[in-house]
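Here is how the chains run, residue by residue.
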Amino acid sequence: MTPDPDIPERVSPREMIESDLCIGCGACAAGPARAVSSRMRLDRLGQYKPDGPASWLNAPTRLLAKTCPFSPAAANEDDIAAARFPHALGWDPALGRFEATYVGAVADQTLRASGSSGGLVTWTAIELLERGLVDAVAHVGPTAGLGFGYRISRSPDEVRAGAKSRYYPVELSGVLNEIRARRGRYAVVGVPCFIKALHLLRAAEPVLAERIVLTLGLFCGHSKSARMAESFTWQMDARADDIEVFDYRLKDPARPANWYAAGLTLTTGERRRKDWWRMVDGDWGAGFFQNAACDACDDVVAETADIAFGDAWIEPYASDGRGTNVVIVRSPVVASLIQEAIEQGRLVLEPLTPERVAESQAAGLRHRREGLAYRLTWPRRGIRPRKRVPPRAEGLPTRRKLVYRLRAHIRRWSHRLFWIARVTRLRWLYILWAQAILGLYQALTYSRGPLGRLADRLVPQSR
Ligand SMILES: Cc1cc2nc3c(=O)[nH]c(=O)nc-3n(C[C@H](O)[C@H](O)[C@H](O)COP(=O)(O)OP(=O)(O)OC[C@H]3O[C@@H](n4cnc5c(N)ncnc54)[C@H](O)[C@@H]3O)c2cc1C
C-alpha cells in the first residue's frame, strides 16, 4: 500500500507539542517510546508537557507515531473498540460500541454523596477490588494544596478517598512506571484520550497489556490547565498556599446538580464556596484554560473503555442535587457485574436509550463533531490531526462559526492573559478581560443581554 503523504510515519514529542496536539498524558515520556531521563513537567501555562534530552524530544520515531493518542498514524477509537469489543450488542454514532446503557446512581447514599456525580466510578473500582478482578486501581487524588495527580490505590478505603472529578492536568508516567515495576492486575480510570493512550501503549508493550486489565472511562468535555483552579482561588479571595482542600464540585442536594459550586478549605479550617456561574471563567463551554489538543478530539464518551461514566445532564436527573450518572457498559465482564448489582439493589440503575445518553452530552458532542469538522478546515501549523470527522464548513450557520471561533480565541488567550497577570501580579488584567470576553461569548451563544439582542439582529442564530 502507498503511504498517505498526510500521515507521518514518525513523529517526535516536540512536533506534537508544536502542532498543538500534546494533551500531556505521558504516553511518550513513560511509554515504550521513552528515554532514560524523559519525564512530564508542568509548563508555564500549567499544562503537562514531555521533557527530556533534546536528542529525544526532537527525534521522530515510529513508536511514538503509534502510541501518542493524538498522532495521525495511531489506531483510532473505532479500530481500538472493534478489537476490544468485537461482539458488542450495539453501536451508536455518538457512543461507539456498547453492551448496555443506563442512568442512575449507587444505592449507598454516603458513597453517592462523596462522588461528583452518582458515585458509580468509585463503586465500580471498589467492586473490582473486592471481587478480586483487579489488585489495584490507578486514579486521581489530591496531592498538596491545589494539586491533583494519578496514584495507585490497593484498598477500597484508598479508592474512596480519591472520589470526585478533578478538572486539573494529570499525567500517567508515575503510574505506568509503578505498573511496570510491580506485578498485578490493574484497572485505570481516565478521560477518553488517556484510555486511548493506554490501549496504544498496551499494543506496543506486552507487560502493560498483561497488567492493565480493565479501563474505566470518564466522559470528557475537555481538559483544563492548572490555572483554572488558581483563577477560582483568586476569585474566592484565597491564596494557593493557604489551601488545604480544593473541591471543584461541592454537592448540595437542595440544588440542581448542574449548578456547580467550587469549595475551599483553608489551612485555618475556614471554608468558602462560590458558584461557578459567578466566576468570570466558570462557563465550561466557553473554553477557558482548555488544552489545545482537546480541539482535535472526537471522543466524548471514552469509546475504548470497558465502562464509561458521565453526568446525566438531562431532566429529570439534572435537577437532582444528589448527582446522577449516565453509564455505557462495553465489556461483558463488567456488564454482568453491573447487572448483578442492579438485581441485588446495590445499584439503582435503569436502562436509558443510547439516544438519551447522547442527549445528555449534546453540547460536548456538538463541539467535537460539528465544531471539530469546522475547525479541521482552519489552517494550522505542523502535523494535521486525522479524525473520524471529515473537515466541513458548509451548511454551518455563521453564528455557530462565530461561536467556535470565539471559543478557540478564549482557549488561546485565557492561558496567555492569566500568565501575564500571574507574572505581573496584575490580577485585574485577566479578570477584566475574562469578564468582557465572557459577556461577548454569552451574547453570541445564548443571545444574552443587549449585546445578544444586537447579535441577533446582525447575525441571527440560524443564519
Ligand atoms: C476533565 C474532565 C472532564 C469531564 N467532562 C465531562 C463531561 O463533559 N460530561 C460528563 O458527563 N462528564 C464529564 N466528566 C466526568 C464527570 O465529571 C464525573 O467524573 C463522572 O460523571 C463520574 O462521576 P462519579 O460520581 O461516578 O465519580 P466519583 O465516584 O466521584 O469518582 C471519580 C473517579 O475519577 C477519578 N478522577 C477524577 N478526576 C480525574 C481525572 N482528571 N483523570 C482521571 N481520573 C480522575 C477519581 O480519582 C475517582 O476515582 C469529566 C471528568 C473530568 C475529569
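Here the structure is a predicted model, which means the values were calculated and not measured. Sequence order sets the numbering: in each chain, residues are counted from 1 along the sequence as written. Side-chain atom pairs in this predicted model are given and counted only at pLDDT of 80 or more, local residue features only at pLDDT of at least 70, and totals for whole chains, interfaces and linings cover all residues.

**Structural notes on helix α9 (residues 192-204)**
So, step 1. Under the DSSP-based scheme used, a helix requires at least four consecutive residues in state H or I and a strand at least two consecutive residues in state E, with every element numbered from the N terminus. Any helix carries an expected span of 1.5 Å times its number of residues minus one. Compared with the 18 Å implied by 1.5 Å per residue over 13 residues, the 19 Å span of α9 between its first and last C-alpha is a close match.
So, step 2. With C-beta atoms placed from the backbone, a residue is labelled by how many other C-beta atoms lie within 10 Å of its own: buried for 20 or more, exposed for 12 or fewer, partly exposed between the two. The complete set of buried residues in α9 reads Pro192, Cys193, Phe194, Ile195, Lys196, Ala197, Leu198, His199, Leu200, Leu201 and Arg202.
So, step 3. Lining the buried residues of α9 we find α3 (62-67), α4 (77-84), β8 (186-190), α10 (206-211) and β9 (212-218). A pair of residues counts as a contact when their C-beta atoms, built from backbone coordinates, are separated by no more than 7 Å.

**Let's talk about the sheet that holds strand β13 (residues 307-311)**
So, step 1. Spatial strand order, β7-β6-β8-β9-β13-β14-β5-β15: eight strands in an open sheet with mixed pairing. If you trace the sheet from one side to the other, it starts and ends with β7 (148-153) and β15 (347-351), each paired once. Sheet twist, expressed as the mean angle between neighbouring strand axes with direction ignored, is 25 degrees.
So, step 2. Sheet analysis places β9 next to β13, joined by three bridges and oriented parallel. Across the sheet, residue Gly217 finds its bridge partner in β13, namely Ala308.
So, step 3. Helix axes are fitted only over the stretch in contact, all axes being lines through C-alpha atoms; the angle between N-to-C directions runs from 0 to 180 degrees. Strand contacts of helix α6 (residues 120-130): β5 (100-106), β6 (136-142), β8, β9, β13 and β14 (325-329), with the helix running at about 170 degrees to β9, the strand carrying the most contacts. Paired strands, as defined in this entry, are two strands with at least two bridges between them according to DSSP.

**Describing the site of the ligand**
So, step 1. As a matter of local geometry, the ligand sits amid 34 residues, with Gly115, Ser117, His139, Gly221 and Gly310 nearest to it.
So, step 2. When contributions to the shell around the ligand are tallied by element, the ones reaching two or more residues are α6, β6, β8 and β13.
So, step 3. Sort the elements by how many residues they give to the shell around the ligand and α6 lands first, with four residues.
So, step 4. Its residues placed into classes, the shell around the ligand shows 13 nonpolar, 18 polar and three charged. What makes a residue near a molecule or strand is its C-beta atom, placed from the backbone, lying within 6 Å of it. Residue polarity is assigned by list, with Asp, Glu, Lys and Arg as charged and Ala, Val, Leu, Ile, Met, Phe, Trp, Tyr, Cys and Pro as nonpolar; anything else, Gly included, falls into the polar class.

**A closer look at the environment of Lys49**
So, step 1. Locating Lys49 in the fold gives a position in strand β2 (residues 48-51).
So, step 2. Its 23 C-beta neighbours within 10 Å are what place Lys49 among the buried residues.
So, step 3. Sequence separation between Lys49 and Cys28 is 21 residues; the distance between their C-alpha atoms is 9.8 Å.
So, step 4. Beyond its immediate chain neighbours, meaning those up to four positions away, Lys49 contacts Ile17, Cys22, Gly24, Arg41 and Asp43.

**Observations concerning unusual backbone geometry**
So, step 1. The step from Glu315 to Pro316 runs through a cis peptide bond, and the omega angle for that step is 10 degrees.
So, step 2. Along the chain, Pro316 turns up in the loop between β13 and β14.
So, step 3. Of note in this structure, Phe289 is not a glycine but carries a positive phi near 60 degrees.
So, step 4. Relative to the elements of secondary structure, Phe289 occurs in the loop between β12 (271-275) and β13.
So, step 5. Its 26 C-beta neighbours within 10 Å are what place Phe289 among the buried residues.
So, step 6. Positive phi, normally seen in glycine, also occurs at Ser447, with a value near 55 degrees.
So, step 7. Mapping Ser447 onto the fold places it in the loop between α17 (427-446) and α18 (449-458).
So, step 8. When the 16 C-beta atoms within 10 Å are taken as the criterion, Ser447 is described as partly exposed.

**Let's talk about the domain arrangement of the protein chain**
So, step 1. The split of the chain into domains comes from an automatic or database domain assignment. In terms of domains, the protein chain is made up of domain 1 (13-73) and domain 2 (77-224 + 286-364).
So, step 2. Taking only C-alpha atoms into account, the centre of domain 1 sits 24 Å from that of domain 2.
So, step 3. With 23 residues of domain 1 at the contact, the number on the domain 2 side is 19 residues.
So, step 4. Looking at the side of domain 1 that touches domain 2, the elements with two or more residues in it are β1 (39-42) and α3.

**Focus: the nonpolar core**
So, step 1. A set of buried Ala, Val, Leu, Ile, Met, Phe, Trp, Tyr and Cys residues, joined to one another through C-beta atoms within 7 Å, is what we call a nonpolar core. Ranked by size, the top nonpolar core spans 123 residues in total, and within it Ala125, Val137, Ala187, Ala293, Val327 and Ile328 carry the most contacts.
So, step 2. Two domains share this core, each providing at least three of its residues, namely domain 1 (13-73) and domain 2 (77-224 + 286-364).
So, step 3. Setting aside anything within four residues of it in sequence, one finds Ile328 in contact with Leu95, Phe98, Thr101, Val301, Ile307, Ala308 and Val357.

**Things to note about the packing of helix α16 (residues 398-424) against α17**
So, step 1. Viewed as axis vectors pointing N to C, α16 and α17 meet at an angle of 170 degrees, and their least axial separation amounts to 10 Å. As the angle between them shows, α16 and α17 are arranged roughly antiparallel. Between α16 and α17, the residues in contact are Arg399, Leu402, Val403, Leu406, Ile410, Ser414, Leu417, Phe418, Ile420 and Ala421 and Arg427, Leu429, Tyr430, Trp433, Ala434, Ile437, Leu440, Tyr441, Leu444 and Thr445, respectively.
So, step 2. Along the lines of polarity and charge, the residues of the contact of α16 with α17 split into 16 nonpolar, two polar and two charged. Our angle categories are set so that under 35 degrees counts as roughly parallel, over 145 as roughly antiparallel, 65 to 115 as roughly perpendicular, and the remainder as oblique.

**Focus on the pairing of β14**
So, step 1. With five of five residues buried, β14 is to be regarded as a mostly interior element.
So, step 2. With burial as the criterion, each face of β14 is covered, one bearing Asn325, Val327 and Val329 and the other bearing Val326 and Ile328.
So, step 3. Note that β5 and β14 share five bridges and pair antiparallel. What sits directly across from Tyr102, in β14, is Val327.

**What about the sheet that holds β12?**
So, step 1. Read across the open sheet, the three strands follow the order β10-β11-β12; overall the sheet is antiparallel. One side of each edge strand has no neighbouring strand; the edge strands of this open sheet are β10 (243-247) and β12. Here the average twist between neighbouring strands, direction ignored, is 15 degrees.
So, step 2. Of the strand pairs in this sheet, β10 and strand β11 (residues 261-266) are connected by four bridges, and their pairing is antiparallel. Note that in β11 the partner of Phe246 across the bridge is Leu264.

**What to know about the environment of Glu9**
So, step 1. Note on placement: Glu9 falls in the segment before α1 (13-18).
So, step 2. Separated by 319 residues in sequence, Glu9 and Ile328 place their C-alpha atoms 34 Å apart.

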